[in-house]
Amino acid sequence: MLLWGSNARETHPIFFHHLLRGVRNGARLVAVDPRRTSSAEWADLWLGIDVGSDIALANAIAREIIHEGLADKQFIERATTGFDDYAACVEPYTLELAERETGVPASAAHAYGRADRAMICWTLGITEHHNAVDNVLALINLALLTGKVGRYGCGLNPLRGQNNVQGGGDMGAIPNRLPGFQDLEDPAKRAPFEHAWKAAVPPKRGYHLSQMFESMEHGEMRAVYIVGENPARSEADQTRAVRLLSGLEHLVVQDIFLTQTAELAHVVLPAAAGWAESEGTVTSSERRVQRVRRALEPPAGALDDVEIMVEIARRLGCDWGHPTAEQVWDECRSLSPMHGGMSYARLDELGGIQWPCPDETHPGTQFLHARLWNDPVEGPPAPFSVVDHDPPVDRLSEEFPIRLTTGRRLDSFNTGVQTGGYSSPLRQPEALLLSPADGARLGIIDGERVMASSRRGSVEVPVRFDATLRPGLAFLTLHFPDQVATNVLTIDATDPKSGTAEFKASAIRVDKITAPVS
């Protein structure tokens with residue numbers, strides 16, 4: 001397994017538990033991560049990659065696989081397109097270039113190329129970059145190159161950063177997709193929705209999150225309705241995000257907590273907690289749709305999200321009645337072919353079903369891309385993608401010589417809304433993690449408060465030395481913005497394909513705080 005850009009022990013502890021079982025049973029683990037994390041300590045091989053050089057390493061591994069004759073030529077010829085252009089793209093990525101750009105040799109090439117079965121797993125360490133989509137495409141290329149997709153023990157697995165991220169995408173929470181990943185701009189895909197809803201569906205894709213903030217900045221978007229998000233703390237360049245949210249003519253926040261974003265709102269709609277006070281479904285990273293059942297009644301004044309939206313629709317002149325969660329789901333699966341066979345009864349009976357599941361006789365699909373192994377191949381072939389190394393936007397310099405990367409810790413979650421109010425024996429106060437070598441070079445002692453500065457702002461923060469970090473690399477989390485406003489430092493350079501901000505690669509300097517002269 002290639003565990004790329006992920007400390008699974010802290011970000012996905014259940015996955016890490018199963019990972020260790022595999023390692024103990026003889027599976028090999030290669031960890032590709034800037035930090036020698038607790039996951040990396042269990043690995044057979046740790047590649048301490050420089051932040052933002054993932055494509056350079058992936059392309060160098062691909063070149064080595066091709067040159068050593070480890071590519072699955074038969075699979076490539078029958079199930080893919082674009083190989084020649086891809087091979088030409090990776091040809092310049094020699095092992096020497098990879099070592100220069102990434103800080104490590106491409107030692108994983110032979111381990112991955114020779115393995116009969118292997119997976120590539122990644123997390124936000126790959127996707128929170130200005131070239132996020134290209135990073136993922138580089139890893140997909142490796143799986144196609146070796147035929148490690150669509151069969152047992154193989155594949156590509158994005159380990160999601162928050163629960164039900166997959167379900168959100170499935171339900172159309174993407175600017176250019178309808179439920180079931182159907183193309184919003186295709187009239188034939190819109191037609192069933194327009195017939196069911198008796199209304200026209202706007203044919204033009206919407207904005208992704210970064211574009212929404214750009215629209216606010218230009219004065220085009222003046223009213224915003226936010227459900228279950230905290231962008232006042234989660235957005236890169238926090239100062240800008242708070243300024244733009246505060247300047248809206250009307251801001252509505254629907255949430256289970258009075259978040260920092262909700263405190264800026266003109267209207268707050270208290271919602272029931274989806275994990276305990278609502279009925280519905282949730283989708284895991286393996287595409288498994290499972291039931292969620294109400295265990296508790298919500299407190300007085302809080303309503304289920306569906307109830308809130310139905311009431312708003314009624315006040316806007318659309319009477320949707322009082323649909324149950326099951327009725328909403330049945331309408332969804334009547335319009336989304338990949339969910340068609342997932343009735344509540346079948347989800348209960350089977351303990352969840354993996355999409356696509358087109359009808360109620362279908363068992364669900366264990367391997368999403370198994371069709372690539374059919375003879376002939378079902379559907380379109382899988383394309384290779386030509387992607388090149390593009391270093392982080394926020395370049396290191398004499399003024400800002402330290403690379404700051406951000407992430408999460410085991411006991412806490414995202415901006416701390418759901419976990420920050422609870423104590424944990426694992427938790428320490430937020431601190432800027434530095435290597436002991438950097439501390440010695442800067443004349444800083446462990447626990448000392450310093451000023452960390454980027455090209456966007458400065459925060460005062462205590463330092464904690466961490467031997468998992470190499471010199472020149474620093475680490476902060478987003479969990480405790482009231483202790484350290486990490487996103488004052490991060491850059492909002494975004495990937496044009498996905499709109500994802502480059503949280504993982506900011507340039508900072510660390511200065512001692514001089515005591516005032518009395």
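Residues numbered from 1 in each chain as written. Predicted model: local features only at pLDDT ≥ 70, side-chain atom pairs only at ≥ 80, totals over all residues. Heavy atoms only, no water.

Caption draft 1: Region of the structure containing the nonpolar core. Counting 37 residues, the largest nonpolar core has Ile65, Leu142 and Leu145 as the members making the most contacts within it. For this core, the secondary-structure elements that each account for two or more residues are strand 2 (30-32), helix 4 (54-67), helix 5 (73-79), helix 6 (83-90), helix 8 (108-114), strand 5 (119-122) and helix 10 (132-146). In terms of residue count, helix 10 provides more of this core than any other element does, seven residues in total. (Core = buried A, V, L, I, M, F, W, Y, C linked by side-chain atoms within 4.5 Å. Buried < 20%, exposed > 50% of the residue type's maximum accessible area, 1.4 Å probe, protein only. Helix = DSSP H or I, 4+ residues; strand = E, 2+ residues; numbered from the N terminus.)

Caption draft 2: Highlighting the sheet that holds strand 10 (residues 250-255). Strand order across the open sheet formed by three strands is 9-10-11, with parallel pairing between neighbours. Edge positions in the sheet fall to strand 9 (223-227) and strand 11 (267-270), since each has one partner strand and no second. The average undirected angle you get between the axes of adjacent strands in this sheet is 10°. With four bridges joining them, strand 10 and strand 11 adopt parallel strand pairing. Residue pairing in the sheet places valine 252 in a bridge with valine 267 of strand 11. (Pairing = 2+ DSSP bridges. Axes fitted to C-alpha atoms, helices over the stretch in contact; angles between N-to-C directions.)

Caption draft 3: Representation of unusual backbone geometry within the structure. Tryptophan 355 connects to proline 356 through a cis peptide bond whose omega is 0°. Here proline 356 lies in the loop between strand 14 (353-354) and strand 15 (382-383). Proline 376 follows aspartate 375 through a cis peptide bond whose omega is 0°. Note that proline 376 resides in the loop between strand 14 and strand 15. If you check the backbone angles, arginine 287 has positive phi at about 70° while not being a glycine. Along the chain, arginine 287 turns up in the loop between strand 12 (280-283) and strand 13 (288-292).

Caption draft 4: Summary view of the pairing of strand 21 (residues 506-512). Bridge analysis of strand 16 (residues 402-407) against strand 21 gives three bridges, and the strand direction is antiparallel. By the bridge assignment for strand 21, arginine 403 is matched with alanine 507. Across four bridges, strand 18 (residues 449-453) lies against strand 21 in antiparallel orientation. The residue of strand 21 that forms the bridge with valine 450 is lysine 512.

Caption draft 5: Just the packing of aromatic side chains, in detail. Under the definition given, this model contains five aromatic pairs. Where phenylalanine 83 meets phenylalanine 384, the ring centres are 5.7 Å apart and the plane angle is 65°; that geometry is what we call edge-to-face. Highlighted residues: phenylalanine 83 in helix 6 and phenylalanine 384 in the loop between strand 15 and strand 16, separated in sequence by 301 residues. Phenylalanine 384 gets classed as buried once you look at its relative accessible area, which sits at 8%. Taken together, a centroid distance of 4.9 Å and an interplanar angle of 20° make the contact between tyrosine 86 and phenylalanine 384 stacked. (Phe/Tyr/Trp six-rings, centres within 6.5 Å; stacked < 30°, edge-to-face > 60°.)

Caption draft 6: Quick look at helix 6. When helix 6 is considered as a whole, its buried residues turn out to be Tyr86, Ala87, Cys89 and Val90. Projected onto a plane normal to the axis of helix 6, the buried residues spread over an arc of 160° and lie on a single side. In helix 6, the exposed residues that point more than 90 degrees away from the buried face are Asp84, Asp85 and Ala88. (Arc of directions from axis to C-beta.)

Caption draft 7: Structural context of the pattern of salt bridges. Applying the stated rule across the entire model yields 28 salt bridges. One network of salt bridges, with partners in common, ties together Glu217, Arg240, Arg243 and Asp492. (Salt bridge = Lys/Arg side-chain N within 4 Å of Asp/Glu carboxyl O.)

Caption draft 8: Spotlight on the sheet that holds strand 13. Read across the sheet, three strands follow the order 12-13-14 without closing on themselves; strand pairing throughout is antiparallel. Each edge of the open sheet carries a strand with a single partner, namely strand 12 and strand 14. Across four bridges, strand 12 lies against strand 13 in antiparallel orientation. Bridge assignment links threonine 281 to a residue of strand 13, and that residue is arginine 291.

Caption draft 9: Highlighting the pairing of strand 19 (residues 458-465). Here strand 17 (residues 432-434) pairs with strand 19 via three bridges, running parallel. Bridge pairing in strand 19 places leucine 434 opposite phenylalanine 465. As paired elements, strand 18 and strand 19 share five bridges and run antiparallel to each other. When the bridges of strand 19 are listed, alanine 452 appears paired with valine 459.

Caption draft 10: The state of the cysteines, seen in detail. Following the criterion strictly, the structure yields zero disulfides and no others. Looking at the unpaired cysteine 121, the closest cysteine sulfur is the one in cysteine 154, lying at 12 Å. (Disulfide = S-S within 2.5 Å.)

Caption draft 11: Molecular detail of the environment of leucine 335. With respect to the secondary-structure elements, leucine 335 resides in helix 17 (residues 325-335). Classification of leucine 335 as buried rests on a relative accessible area of 9%. Between the C-alpha atom of leucine 335 and that of threonine 415, which follows or precedes it by 80 residues, the distance is 35 Å.

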